[in-house]
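One-letter residues, chain by chain:
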Amino acid sequence: MWWRVASSRFALTSSRSSSVHQAAYRLNFREFFTTEILTWAKDGRPSTVKTPFVAFVLGGPGSGKGTQCTKIVETFGFTHLSAGDLLRHAISSNYENSAMILDTIKEGKIVPSEVTVKLIQRAIESSDNYKFLIDGFPRSEENRIAFEKIIGAEPNIVLFFDCPEEEMVKRVLSRNEGRVDDNIDTIKKRLKVFAALNLPVIKHYSERGKVHKINAVGTVDDIFEQVRPLFTANEKEIE
Ligand SMILES: Nc1ncnc2c1ncn2[C@@H]1O[C@H](COP(=O)(O)OP(=O)(O)O)[C@@H](O)[C@H]1O
Ligand SMILES: Nc1ccn([C@@H]2O[C@H](COP(=O)(O)OP(=O)(O)O)[C@@H](O)[C@H]2O)c(=O)n1
Ligand SMILES: [Mg+2]
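Residues numbered from 1 in each chain as written. Chains lettered and ligands numbered in written order. Predicted model: local features only at pLDDT ≥ 70, side-chain atom pairs only at ≥ 80, totals over all residues. Heavy atoms only, no water.

Going by the annotation in an unreviewed UniProt entry, the name recorded for the chain is UMP-CMP kinase, with Thalictrum thalictroides given as the source organism. Checking UniProt for the chain, the heading Function (unreviewed entry) contains the comment "Catalyzes the phosphorylation of pyrimidine nucleoside monophosphates at the expense of ATP. Plays an important role in de novo pyrimidine nucleotide biosynthesis. Has preference for UMP and CMP as phosphate acceptors." (UniProt positions renumbered as here; feature names shortened; annotations may be inferred.)

Here it is, written out as C-alpha cells:
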C-alpha cells in the first residue's frame, strides 16, 4: 500500500517517523499514478520518494509475454500483473461475472473493460510495490481508454513482443497449462482479435514514441537480452 505525505522534503529529512505517519494518508488508484510515493524502510522510517513506473506488455497469444515478465520480475523487482491470470483467478474464485468471463475467454473475445480494469486496480492497490508490468492489457482501444480515464496517466513504456503467427500457434498448442482457450479453434479466433483490436493499441502508443518492439523469435535468454536494456536505460526512473 502506498502513502503520500504532506511534504516530500519533510518525509526525506525527518527522523521522527511517528510524525511522518501522522502526516501520511493512503493513496487511491488515480493518486498513485500522479503522485510521488513514499516508501518505508524496515525500521519504520520513511525511506525514499518514488515515482510509479508502469510497463504494458503486449503481443499476440503465445508470443512469450508471461515468460519474459517472469525474467523482468527476477531481474528488476517488478510486480507482474497478467490480465489473463487475474481473469482466470476471478473464474476459479467464483467472482461476480465468472460465467461471462469464462464464456468470453473460451470464445477468444475481450472481457468488458470495467471488469478487467477493476481487477487490475485492486491488484495495484493491494500491492506495496510501485513498479508494475501489466501483461496482456490493454487488449483493445476500449481497454486502453478505460484504464487511462481512471488513472489519468499513460504507461511509461510499452513492450511489444513481435512473433510470427505460426510460431505463436505452435507455442500455444504445446503450452500444456490446461487452459480452455489453448486449442486450435480458439487460437484462430484470438489471432483475429489480436490483429483487429490489439494492433490499434500498439499503433496508438507507437505514435506516442512509447513502443519497444522486440523480436520474439529465439531462445528465452536471447529475447531477454533485447528486453534488459529497456529497463536498464530507465534505471534512474525505476530505482
Ligand atoms: N522464446 C521462446 N521459445 C520457445 N518457446 C517459448 C519461448 N518463450 C515462451 N515459450 C513457451 O511458449 C508458451 C507461451 O509462452 P507465454 O509466456 O505463456 O506467452 P504469452 O503470455 O504471450 O501467451 C509457453 O509454453 C512458454 O514456455
Ligand atoms: N485485457 C484482457 C486480457 C485477457 N483477456 C481474456 O483472457 C484471454 C487470455 O489472455 P492471456 O493474456 O492470459 O493470454 P496469452 O496472450 O497470455 O495467451 C484472452 O484471450 C481474453 O479472452 C481479456 O478479455 N482482456
Ligand atoms: Mg500470457
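Undergrad: A description of the sheet that holds strand 8 (residues 157–162) should follow, citing residues and the corresponding values.
TA: As summarised here, the arrangement of the 5 strands in space is 6-7-5-8-9, forming an open sheet in which the pairing is parallel. In this open sheet, the two edge strands, each paired with only one partner strand, are strand 6 (79–82) and strand 9 (211–215). Pairwise comparison of adjacent strand axes, ignoring direction, gives a mean angle of 20 degrees for this sheet. Here strand 5 (residues 53–59) pairs with strand 8 via 5 bridges, running parallel. Bridge pairing in strand 8 places Leu58 opposite Phe160. The strands that helix 11 (residues 220–232) touches are strand 5, strand 7 (131–135), strand 8 and strand 9; relative to strand 9, the one it contacts most, it runs at about 160 degrees. (Pairing = 2+ DSSP bridges. Helix = DSSP H or I, 4+ residues; strand = E, 2+ residues; numbered from the N terminus. Axes fitted to C-alpha atoms, helices over the stretch in contact; angles between N-to-C directions. Contact = heavy atoms within 4.5 Å.)

Undergrad: Which residues make up the domain arrangement of the chain, and what values go with them?
TA: For interface size, the figure often reported is the accessible area lost on association. Split by domain assignment, the chain resolves into domain 1 (3–50) and domain 2 (53–238). In this assembly, 9 residues from domain 1 lie in contact with 13 residues from domain 2. Together, the buried faces of domain 1 and domain 2 total about 960 Å²; carbon and sulfur atoms form 77% of this surface. Contact with domain 2 buries area across many residues of domain 1, yet Phe29, Arg30 and Phe33 alone supply 65% of it, more than any other trio. At the junction of domain 1 with domain 2, the criterion picks out 0 salt bridges. Summed over the shared surface of domain 1 and domain 2, the number is 0 residue pairs in polar contact (both at pLDDT 80 or more). Of all the secondary-structure elements, those providing two or more residues to the side of domain 1 that touches domain 2 are helix 3 (29–34) and strand 3 (37–40). Looking at the side of domain 1 that touches domain 2 element by element, the count peaks at 5 residues for helix 3. Each residue belonging to the side of domain 1 that touches domain 2 can be placed in one class, and the counts come to 4 nonpolar, 3 polar and 2 charged. (Domains from an automatic or database assignment. Buried area = accessible area lost by both parts, 1.4 Å probe. Salt bridge = Lys/Arg side-chain N within 4 Å of Asp/Glu carboxyl O. Polar contact = N/O pair within 3.5 Å; in protein donor to acceptor, adjacent residues only side chain to side chain. Nonpolar A, V, L, I, M, F, W, Y, C, P; charged D, E, K, R; others polar.)

Undergrad: A description of the side chain of Asn143 should follow, citing residues and the corresponding values.
TA: Along the chain, the position of Asn143 falls in helix 8 (residues 141–151). Residue classification places Asn143 among the buried positions, given a relative accessible area of 3%. In contact with Asn143, other than residues within four places in its own chain, are Ile110, Val111, Ser113, Phe137 and Pro138. (Buried < 20%, exposed > 50% of the residue type's maximum accessible area, 1.4 Å probe, protein only.)

Undergrad: I'd love a proper account of the layout of surface pockets, names of residues and values included.
TA: In this model, the largest pocket occupies a volume close to 810 Å³. Lys65, Arg139, Arg175, Arg179 and Arg190 are the residues nearest the centre of the largest pocket, which is lined by 41 residues in total. If you list the elements that add at least two residues to the lining of the largest pocket, you get helix 4 (65–76), strand 6, helix 5 (83–92), helix 9 (165–173), helix 10 (184–207) and helix 11. Of the residues forming the lining of the largest pocket, the biggest block, 5 residues, is contributed by helix 5. (1 Å grid on protein atoms, 1.4 Å probe; cavity = no way out; pocket = protein on both sides within 12 Å on 5 of 7 lines; lining within 4 Å. Points joined across faces, edges and corners; volume = space filled by probe spheres on them.)

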